[in-house]
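Spelled out, the chains give:
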There are 2 protein chains.
Amino acid sequence: MENASSPSPPQKPTTLLTFPKALATSSSKIKHVIVDFAIKAKSIGVDDPRRIVHSLKVALAITLVSMVYYLQPLYNGMGDAGMWAILTVVVVFEYTVGATLCKGMNRGLATLLAGALGIGAESFASLFGTTAKPILLGCLVFVLVGAATFSRFIPNIKRRYDYGVLIFILTFSLVSVSGYRVERIIELAHKRLSTILFGGATCIIISMCVCPVWAGEDLHQLIAENLEKLANFLEGFGGEYFRITEGDKPSLASYKSVLNSKATEESLANFAWWEVGHGKFLFRHPWKQYLMIGALTRQCAYHIEALNGYLDRKTEAPSEFQKTIKEPCMKMSSEVGKAMKELGLSIKLMMHPSGSASAIHMESCKKAKEELNTILQTVMVGEHDISETIPVIAVTSILVDIINRVETISEAIEELAKQAQFKKSKNTKLDKKEKPNFLNDGGPPDPANGGKNRESVAITVASLNKG
Amino acid sequence: MENASSPSPPQKPTTLLTFPKALATSSSKIKHVIVDFAIKAKSIGVDDPRRIVHSLKVALAITLVSMVYYLQPLYNGMGDAGMWAILTVVVVFEYTVGATLCKGMNRGLATLLAGALGIGAESFASLFGTTAKPILLGCLVFVLVGAATFSRFIPNIKRRYDYGVLIFILTFSLVSVSGYRVERIIELAHKRLSTILFGGATCIIISMCVCPVWAGEDLHQLIAENLEKLANFLEGFGGEYFRITEGDKPSLASYKSVLNSKATEESLANFAWWEVGHGKFLFRHPWKQYLMIGALTRQCAYHIEALNGYLDRKTEAPSEFQKTIKEPCMKMSSEVGKAMKELGLSIKLMMHPSGSASAIHMESCKKAKEELNTILQTVMVGEHDISETIPVIAVTSILVDIINRVETISEAIEELAKQAQFKKSKNTKLDKKEKPNFLNDGGPPDPANGGKNRESVAITVASLNKG
């Protein structure tokens, strides 16, 4: 291993000191690896200090539960079953409160159900005499375990009760089979259940009371931050594409994490479902609507990914055609970015988006689009090289697409604001001024469509694309 | 629950039979739910019969291990520790061989390591007398559990050894703490280890010998199928966009699953890493290269998603401008689709892509693009409505982007073919004919670039976009 990664220094005469030297090299290398590892670990901790807190919480829970073994009175009460308490803490304690609750509840309920079924199966099999009993029990275990394992493939069960089914299989096999030997099964079950409850309760209490990490809150932040990342790209895109600013590429590329956020969002929403009300979030907060906004945001990110392709391919200097449409194009991009940032902010602050400045930005975005349309109509009459204009036109078309998507996101956020009863904004800037007619310029809201005027909006912003 | 989902039949007089009726309704509803569930479960089984086989395999493994309890001689040998064998089977047996091996190895090694450390800690703490011992042990457990929990946040550890760290925490706590009570710790450890080995070996043998599901093979198929899904879209896109065929929408939309395939691909590649050689795959098959192809395929899928947006927005009849460019555009789309299908097939059959028909299709794709370029140059001189032409031009530009992406995918597959030593094609059609000059028309391969001529290809296919 050391040889592979250590090229020998060139043009040095070999000496008799090779072995000690190699030893020194390898020891310095080990030092290097350890230092590297420490730096990496430190950065992980600094990135999100809640990870360090979580580690301390788990250590605390396990040390507390270990007291079961240390302290004589408790030990007499629980006996060796106390190790089930440790086992429960180790497997149930998860990073977020929701995940811990999910696993804890699953474990508790599945143990109860499988324990009862196991005792039932054992008693039932006992009716048939000692010869038939093991065969009958074997068949029962085979059938139930097979069915339970298969049920783990059903999406609804997999999503919320996967761990419960696993524990069901485990407990049922253990109880029904160990019953064949141990006569004091009820007493054992009682002890095991009480230790599992003790372990589970320790987890849940520590998880919820000591610096809790709520899956719901994380989902809420993630959705808002994803919007912000896309907004950053859009705000920076114009400058980068028309070579105004020498780009802050890493900040522009941060949107890429949004492309693959589906799995994280879904698991957070699943865990949030188990959480009790906390902070600004009530017990049945509309987490599904967050998933909806997340999906729409991702849709938008796909379009941004297509847009990003044109950044990589831009030439040294902007073409004549680019210069002609620079102004409205840059405005479109930056204004839709600002609107998106406002939408993200309205989620973050749990304010109703209708009062935010996003509508103003969308309005000026629309104006820029009309301007662009006018320029294109006068300019494109054969003045420019076709191979030069095509990618630029594609960029404007994709930008318009993105504006449409942001419209849909805005509607979804309004729906969320309604469901989760976000505060109405106290922003007097908008209340005093006449509200921008952006959302209503297709006529009055359609009552049959729940008061929304999605169509009118779509038609307005798509006019450039559709004609 | 029943009330919520059963609207009462309108304008029917209430009778005295309400209660029996409601009972009948609810019982028919329960029947309905059960039938629904059964249909769903059946479809899951029919979709992939390996799921049923897996369920039977797990049931078989657990029933076999239960024999430890049934048969007297085995029971005397292992005692109550036999339940650890059942526990091991339940938690270790996973769907794919790779996942089972990963969990089994992690469990075995972590148990050994933590067991040894636990015994060491217990002996060390014993040196300080009975008063200091529990305090010292508590501190040791706290520190080690905290550090181990934190290490689970480090990506490299999380990816391959997450379960091992969990088992390490569990075993270390159990051994070091239970040692405080149980003097026969070495004997216990021996028994527990042997039962865990017995359970793990049962899992691994059944998993590998009875209808094995290899993660590597699944990854291989998934990557090939994803390419095929994108190809289907591209082949169908032209007909749909120019209203030639009334679309087979569901088949076109199948590409959407590719957008979110990252998590699946990565977990399959992780599990494949643990797998021994099987079938056509050697022990160190280049699984990483599959991830690379998967990432490029997803990139392509993002562009297809942008393209798909234009399908939803198409008007009743094609515009004049669309009619003008219909022929080359349809050809580009269908030919790039065919090329992609060939690439997918070459992965599926493990044949070198250079011998496949994909190069021919790419060649005719290129011709269609040049044709389009010529038409656009003559046609666009102010003859058409600008708002009508913009989306059409954007479509052609995105199509060209997709062609570039397919080029890159083709290169990545060639790299895979080299690393995994795919068979050279026996396709005489290509060997006899002069090979298409598509891959070489930018000059001879650049030796400094490993013989690849990526740049020349990129320049050729991007000429429409860049000019």
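Residues numbered from 1 in each chain as written. Chains lettered and ligands numbered in written order. Predicted model: local features only at pLDDT ≥ 70, side-chain atom pairs only at ≥ 80, totals over all residues. Heavy atoms only, no water.

Give a detailed account of the overall build of chain A, specifying residues and quantitative values.
Scanning chain A from N- to C-terminus turns up 19 helices and 0 strands. Each of the 467 residues in chain A was classed as buried or not, and the buried ones make up 50%. Expressed as a percentage of contacts within chain A between residues at least 6 apart in sequence, the contacts between residues at least 24 apart total 81%. (Helix = DSSP H or I, 4+ residues; strand = E, 2+ residues; numbered from the N terminus. Buried < 20%, exposed > 50% of the residue type's maximum accessible area, 1.4 Å probe, protein only. Contact = heavy atoms within 4.5 Å.)

Pulling in residues and values, what's your account of the side chain of B:Lys103?
All names here are of chain B. Looking at where lysine 103 falls in the secondary structure, it is placed in helix H6 (residues 97-126). Engagement of the side chain of lysine 103 in a polar contact is seen with the backbone oxygen of valine 91, the distance being 3.2 Å. Residues contacting lysine 103, with those up to four places away along its chain left out, are Val91, Val92, Glu94 and Tyr163. (Polar contact = N/O pair within 3.5 Å; in protein donor to acceptor, adjacent residues only side chain to side chain.)

Run through the interface of chain B and chain A, naming residues and quoting values.
The interface is formed by 85 residues belonging to chain B together with 85 residues belonging to chain A. Summing both sides of the interface, chain B and chain A together bury roughly 7900 Å²; the carbon and sulfur share of this comes to 71%. Taken together, chain B and chain A are joined by 6 residue pairs in polar contact (both at pLDDT 80 or more). Among the elements that line the side of chain B that touches chain A, the one with the most residues is helix H3 (residues 50-70) of chain B, at 13 residues. Grouping the constituent residues of the side of chain B that touches chain A by class yields 50 nonpolar, 23 polar and 12 charged. (Buried area = accessible area lost by both parts, 1.4 Å probe. Nonpolar A, V, L, I, M, F, W, Y, C, P; charged D, E, K, R; others polar.)

So what about a nonpolar patch on the surface? Which residues, and what values?
On the surface, a nonpolar cluster with roughly 230 Å² of combined accessible area is contributed by A:Leu60, A:Leu64 and A:Met67. Tracing the backbone through its elements, the reader meets A:Met67 in helix H3 (residues 50-70). (Patch = residues over 30% accessible without salt bridge, like charges linked within 9 Å, V, L, I, M, F, W, Y side chains within 5 Å. Areas by Shrake-Rupley, 256 points an atom, 1.4 Å probe, with all protein chains shown as cover. Salt bridge = Lys/Arg side-chain N within 4 Å of Asp/Glu carboxyl O.)

How would you explain the relation of the copies chain B and chain A if you had to name every residue and give the values?
With an axial shift of 0.0 Å and an RMSD of 0.1 Å, the rotation relating chain B to chain A amounts to 180 degrees. One copy is carried onto the other by what is essentially a two-fold rotation axis. Closest approach to the rotation axis among the C-alpha atoms of chain B is made by B:Ala394, whose C-alpha sits 2.1 Å away. When the interface residues of chain B are mapped onto chain A, 100% of them again fall at the interface, so both copies present the same face. (Least-squares fit on C-alpha atoms with pLDDT ≥ 70 in both.)

Lay out the pattern of salt bridges with the relevant residues and their values.
Enumeration over the complete set of coordinates arrives at 24 salt bridges over all chains. Its salt-bridge partner being B:Lys341, residue B:Glu235 comes within 2.7 Å of it at the nearest N-O pair. Here the residue B:Glu235 occupies a position in helix H10 (residues 215-241), and B:Lys341 occupies one in helix H15 (residues 320-348), the gap between them amounting to 106 residues. When the shortest N-O distance is used, the salt bridge between B:Arg298 and B:Glu265 registers 2.8 Å. Of this pair, B:Arg298 sits in helix H14 (residues 287-312) while B:Glu265 sits in helix H13 (residues 262-274), placing them 33 residues apart in sequence. No difference in accessibility class separates B:Arg298 from B:Glu265, as the two residues are buried. Each of A:Asp48, A:Arg50 and A:Asp218 takes part in a single network of salt bridges with overlapping partners.

For the state of the cysteines, give the residues involved together with the corresponding values.
Residues and elements named next belong to chain A. Going through the model one piece at a time under the given rule, you end up with 0 disulfides over all chains. With no disulfide of its own, cysteine 102 lies 13 Å from the sulfur of cysteine 203, the closest cysteine sulfur. Residue class for cysteine 102 comes out buried when judged on its relative accessible area of 8%. Here cysteine 211 stays unpaired: no disulfide links it, and the sulfur of cysteine 209, its closest cysteine neighbor, is 11 Å away. Its relative accessible area of 48% is what places cysteine 211 among the partly exposed residues. (Disulfide = S-S within 2.5 Å.)

Can you lay out the packing of helix H5 (residues 82-92) of chain A against helix H6 (residues 97-126) of chain A for me, pointing to particular residues and giving the numbers?
Residue and element names in this part refer to chain A. Contact geometry of H5 with H6 gives a least axis separation of 9 Å together with a crossing angle of 140 degrees. Taken together, the axes of H5 and H6 are oblique relative to one another. For the pair H5 and H6, the contacting residues are Trp84, Leu87, Thr88, Val91 and Val92 in the first and Thr100, Lys103, Gly104 and Arg107 in the second. Residues that form the contact of H5 with H6 fall into these classes: 4 nonpolar, 3 polar and 2 charged. (Axes fitted to C-alpha atoms, helices over the stretch in contact; angles between N-to-C directions. Parallel < 35°, antiparallel > 145°, perpendicular 65-115°, else oblique.)

Tell me about the confidence of the model for chain A, residues and numbers included.
Residue and element names in this part refer to chain A. With 78% of its residues at a pLDDT of 70 or more, chain A shows a mean pLDDT of 79. Across chain A, helix H13 (residues 262-274) holds the top mean pLDDT of 93, while helix H19 (residues 454-466) sits lowest at 35. Overall, residues 1-17 carries pLDDT values under 50, and its contacts beyond four positions in sequence, including any with other chains, amount to 4 contacts. Segment residues 428-467: pLDDT under 50, and 68 contacts once partners within four positions in sequence are set aside and those in other chains are kept. (pLDDT = per-residue confidence, 0-100.)

Before we move on, can you summarise the side chain of A:Ser173 with the specific residues and values?
One can find A:Ser173 in helix H8 (residues 155-178). A polar contact is formed between the side chain of A:Ser173 and the backbone oxygen of A:Ile169, at a distance of 2.6 Å.

Residues and numbers for the environment of B:Met340, please.
All names here are of chain B. Position of methionine 340 relative to the elements: it lies in helix H15. Judged by its relative accessible area of 0%, methionine 340 falls in the buried class. Counting along the chain gives 18 residues from methionine 340 to serine 358, while the straight-line C-alpha distance between them is 6.9 Å. Discounting residues that sit within four places of it in the chain, methionine 340 has contacts with Leu227, Leu230, Ala231, Leu234, Cys300, Val406 and Ile409.

Residues and numbers for helix H17 (residues 386-419) of chain A, please.
Residue and element names in this part refer to chain A. With 34 residues, H17 should cover 50 Å at 1.5 Å per step; its first-to-last C-alpha distance of 50 Å lies within 8% of that length. Across the 34 residues of H17, 27 count as buried, placing the element largely inside the fold. Among the residues trailing H17, glutamine 421 stands out with phi positive, at a value near 50 degrees. (Expected span 1.5 Å × (residues − 1).)

Help me get a handle on the environment of A:Ser207, residues and values and all.
All names here are of chain A. Tracing the backbone shows serine 207 in helix H9 (residues 185-209). Judged by relative accessible area, serine 207 falls into the buried class, the value being 2%. With sequence-adjacent residues up to four places away left out, serine 207 is seen in contact with Lys57, Phe93, Thr96, Val97, Thr100 and Pro212.

Tell me what's going on with H8(A), and back it up with residues and numbers.
Residues and elements named next belong to chain A. Between its terminal C-alpha atoms H8 stretches 32 Å, which fits the 34 Å expected from 24 residues at 1.5 Å a residue. The sharpest bend along H8 reaches about 85 degrees and sits at tyrosine 161. Taking burial as the measure, the 24 residues of H8 include 19 buried ones, the bulk of the element. (Bend = angle between axes of the 7 residues up to and from the residue.)

Let's hear about the packing of H6(A) against helix H7 (residues 129-151) of chain A: which residues, and what values?
All names here are of chain A. Contact geometry for H6 and H7: axes closest at 8 Å, N-to-C directions at 145 degrees. The handedness of the crossing between H6 and H7 is right-handed. Contacts between H6 and H7 pair Ala121, Glu122, Phe124, Ala125 and Ser126 from the former with Gly129, Lys133, Leu136, Leu137 and Leu140 from the latter. Split into classes, the residues belonging to the contact of H6 with H7 amount to 6 nonpolar, 2 polar and 2 charged. (Left-handed = near helix turned anticlockwise from the far one by under 90°.)

Please give an account of the packing of aromatic side chains that cites residues and values.
Counted by the stated rule, this structure contains 25 aromatic pairs over all chains. Residues A:Tyr241 and A:Phe242 carry aromatic rings whose centres are separated by 5.1 Å and whose planes lie at 80 degrees to one another, so their mutual orientation is edge-to-face. The same class applies to A:Tyr241 and to A:Phe242, which are both buried. Between B:Phe168 and B:Phe172, the aromatic rings sit 6.1 Å apart at their centres with planes inclined by 5 degrees, giving stacked as the arrangement. (Phe/Tyr/Trp six-rings, centres within 6.5 Å; stacked < 30°, edge-to-face > 60°.)

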